[in-house]
Amino acid sequence: MAVRQSEDRRLGGGPEKLLTLEEAAQRLGVPADDVEAMVRSGKLPSFRLGGSLLRVRLKDVELMKSSSSGWERFVDFLYFNDFYLVAVLIALTLLAVILAL
């Protein structure tokens, strides 16, 4: 985890904790590609260190995590597990057909 020394330190705040995209994805429970898409769309503020290293603030990640509603989590669950849900439905349908014969 990187630590950014900023003007906040001069104002009495401490150094800010910065996360890599992978660390942010792990905390949010989503793939790193989704975090990158959030950064590109402007939903998640980010910083470039040294011109190439992309980092996000821990407090921004925590704010995003706490702001997601139950409905959004349910939709995400369906989106990421749709294959398994369809497979279970097909298996149950086939089982019902076999038992009905």
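In the block above lies the structure referred to throughout.
In this text the structure is predicted, and so the values were computed from the model without any measurement.

*Asks:* Just to check I follow, could you spell out the side chain of aspartate 60 for this structure?
*Replies:* Its location among the elements puts aspartate 60 in helix H4 (residues 58–67). By relative accessible area, which is 14% here, aspartate 60 ends up buried. Those residues in contact with aspartate 60 that lie beyond four places of it in its chain are Leu44 and Pro45.

*Asks:* I'm lost on the pairing of strand E4 (residues 53–57) in this one. Help?
*Replies:* Along any regular strand, the residues point their side chains to alternate faces of the sheet. Sheet analysis places strand E2 (residues 16–19) next to E4, joined by two bridges and oriented antiparallel. Residue pairing for E4: leucine 18 is matched across the bridge by arginine 57. Sheet topology places strand E3 (residues 47–49) next to E4; three bridges connect them, and they run antiparallel. Across the sheet, leucine 49 pairs through a bridge with leucine 53, a residue of E4. If you look at the hairpin formed by E3 and E4, you'll find three residues sitting between the two strands, and glycine 50 has a positive phi there, around 65°.

*Asks:* Teacher, can you tell me more about the packing of helix H2 (residues 21–28) against helix H3 (residues 32–41) here?
*Replies:* Helix packing for two helices is described by the angle between their axes and how far apart those axes are. Relative to each other, H2 and H3 sit at 105°, their axes nearing to 8 Å. The orientation of H2 with respect to H3, classified from their angle, is roughly perpendicular. For the pair formed by H2 and H3, the contact residues are Leu21, Glu22, Ala24, Ala25 and Leu28 on the first element and Ala32, Val35, Glu36, Met38 and Val39 on the second. The class makeup of the residues in the contact of H2 with H3 is eight nonpolar, no polar and two charged.

Thresholds, definitions, all that
Each chain carries its own residue numbering, running from 1 in the direction its sequence is written. Side-chain atom pairs in this predicted model are given and counted only at pLDDT of 80 or more, local residue features only at pLDDT of at least 70, and totals for whole chains, interfaces and linings cover all residues. Excluding hydrogens and water, the side-chain values take into account all heavy atoms of the structure. Runs of H or I in DSSP of at least four residues are treated as helices and runs of E of at least two as strands, each being numbered from the N terminus. Only protein chains enter the accessibility calculation, which uses a 1.4 Å probe; a residue whose area is less than 20% of its type maximum is buried, one above 50% is exposed, and one in between is partly exposed. Whether two residues are in contact is decided by their heavy atoms, any of which lying within 4.5 Å being enough. Strand pairing follows a simple DSSP-based rule, namely that at least 2 bridges must link the two strands. Simply put, an axis is a line fit to the C-alpha atoms, just over the touching stretch for a helix, and the angle between two N-to-C directions goes from 0 to 180 degrees. In what follows, roughly perpendicular refers to angles from 65 to 115 degrees, roughly parallel to angles under 35, roughly antiparallel to angles over 145, and oblique to any angle outside these ranges. Residue polarity is assigned by list, with Asp, Glu, Lys and Arg as charged and Ala, Val, Leu, Ile, Met, Phe, Trp, Tyr, Cys and Pro as nonpolar; anything else, Gly included, falls into the polar class.

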